[in-house]
Amino acid sequence: MNRTGRILLVTALVAVVAMAFRVSWNALRDIANAIGADHTAATLYPFVVDGLMALALVATLVLAGRDRTFALRVLGTYTLASLVLNYVHGLVPELHGRTVDWGRLADWDPANWALVLLATSLPVGSIYFGSDLVAKVLHHRPAPIPTPVANAEESSETMSNRSTADLAESTPQPVPVASVRMSDPVAVEFVKSTLPLKPVPTTPAPTPAPAIERRPVAAAESTRPRRATGRVPEVARSSQPKRTPDQLLAEARTVTADWPDAKLTAEGIRLAVHTSPKNARTLRETLRADRAAQGEEVTA
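Reading the values: rules and limits
Residues numbered from 1 in each chain as written. Predicted model: local features only at pLDDT ≥ 70, side-chain atom pairs only at ≥ 80, totals over all residues. Heavy atoms only, no water. Helix = DSSP H or I, 4+ residues; strand = E, 2+ residues; numbered from the N terminus. Areas by Shrake-Rupley, 256 points an atom, 1.4 Å probe, with all protein chains shown as cover. Axes fitted to C-alpha atoms, helices over the stretch in contact; angles between N-to-C directions. Parallel < 35°, antiparallel > 145°, perpendicular 65-115°, else oblique. Left-handed = near helix turned anticlockwise from the far one by under 90°. Contact = heavy atoms within 4.5 Å. Nonpolar A, V, L, I, M, F, W, Y, C, P; charged D, E, K, R; others polar. Buried < 20%, exposed > 50% of the residue type's maximum accessible area, 1.4 Å probe, protein only. Arc of directions from axis to C-beta. Core = buried A, V, L, I, M, F, W, Y, C linked by side-chain atoms within 4.5 Å. Phe/Tyr/Trp six-rings, centres within 6.5 Å; stacked < 30°, edge-to-face > 60°.

Caption draft 1: Molecular detail of the overall build of the protein. Secondary structure summary: the protein contains 9 helices and 0 strands in total. Mapped from its N terminus to its C terminus, the protein presents α and β elements in the order α-α-α-α-α-α-α-α-α. Working note: accessible area of the protein is about 24,600 Å², and carbon and sulfur atoms make up 62% of it.

Caption draft 2: Structural context of the packing of helix α8 (residues 266–273) against helix α9 (residues 277–299). Where α8 contacts α9, the two axes come as close as 8 Å, and the packing angle between them is 115°. As summarised for this structure, α8 and α9 are arranged roughly perpendicular, according to the angle between their axes. As for the relative orientation of α8 and α9, their crossing is right-handed in sense. Across the interface between the two elements, Ala266, Ile269 and Arg270 of α8 pack against Pro277, Ala280, Arg281, Leu283, Arg284 and Leu287 of α9. Partitioning the contact of α8 with α9 into residue classes produces 6 nonpolar, no polar and 3 charged.

Caption draft 3: Up close: helix α7 (residues 245–255). Every buried residue of α7 is accounted for by Leu248, Leu249 and Ala252. Looking straight down α7, one finds that the buried residues subtend no more than 100° of arc, so they occupy a single side. Of the exposed residues in α7, those oriented more than 90 degrees away from the buried face are Asp246 and Thr254. Against the buried residues of α7 lie α8 and α9.

Caption draft 4: Looking closely at the nonpolar core. One finds Ile31, Tyr45, Tyr78, Leu85, Leu105 and Leu122 to be the most contacted residues of the largest nonpolar core, which totals 28 residues. Excluding residues within four positions of it along the chain, tyrosine 45 makes contact with Leu28, Ala32, Leu85, Ala119, Leu122 and Pro123.

Caption draft 5: Quick peek at the packing of aromatic side chains. Under the criterion given, the structure shown has 3 aromatic pairs. Plain terms: the ring middles of tryptophan 25 and phenylalanine 47 are 5.3 Å apart, the flat faces sit at 85° to each other, and that makes the pair edge-to-face. Taken as a pair, tryptophan 25 in helix α1 (residues 3–34) and phenylalanine 47 in helix α2 (residues 39–62) lie far apart in primary sequence, 22 residues in all. Exposure remark for tryptophan 25: the relative accessible area of 16% places this residue in the buried category.

Below, the structure is given as structure tokens:
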């Protein structure tokens, strides 16, 4: 409903309530006069009853839950009480001319007592229930209205179309595909076309090649000298010329002449003569053989 419709509806409701209040005015005022109220109190009495009904109606629209149920009960109770008092006012014509005795609303005493108790308790109840309803309305906190999502459908589609890499489940492993051996090609004879096209030569059937027998071949050592991969720089070349075995033996005899037998090792000879480990071992055996021969000559 648009704004104009709501305004018209509320205006009509206020007009109906105002006319109903005016109709109930005389009855409630005469009832107040009958139970001993003065002129001012009798004039305000309709506001006490029907005014609390309007307050309870507003509280019903605002409150929720148990508080709304309480406001509905107050509204129903005061509506029933106003109906009873208006009904009694219609049954007793003497109330219209104020000729009824003070404090008498019915000829039967129990009914009179009940009606007087009802009429006199309504103002007190208005004070209690009206204050309670106002306190509940002032302390009421409406529930927050959830904000609608503008792109709810688009977000749902985005979640459904999300790639598997973003999901918590890992990507499945690829399924290995077995290789399939293709059949050998078959020669197909071309049929002569009815159109005057260039003749296509017939492709002969492929002749299968003989299987190659694999034989183990022993690795043969090459007699060709290995060429250097590059020129050795001058700095990396040795400054000493290449020595012959006799020169190495003579140099080793000179260096180890005063060495004891325990010090005569291949490593010591290699470091002293600056030769390879193989030559050092050969020199060690030769030197030990020389010393052994010298020892035999001395003993002889």
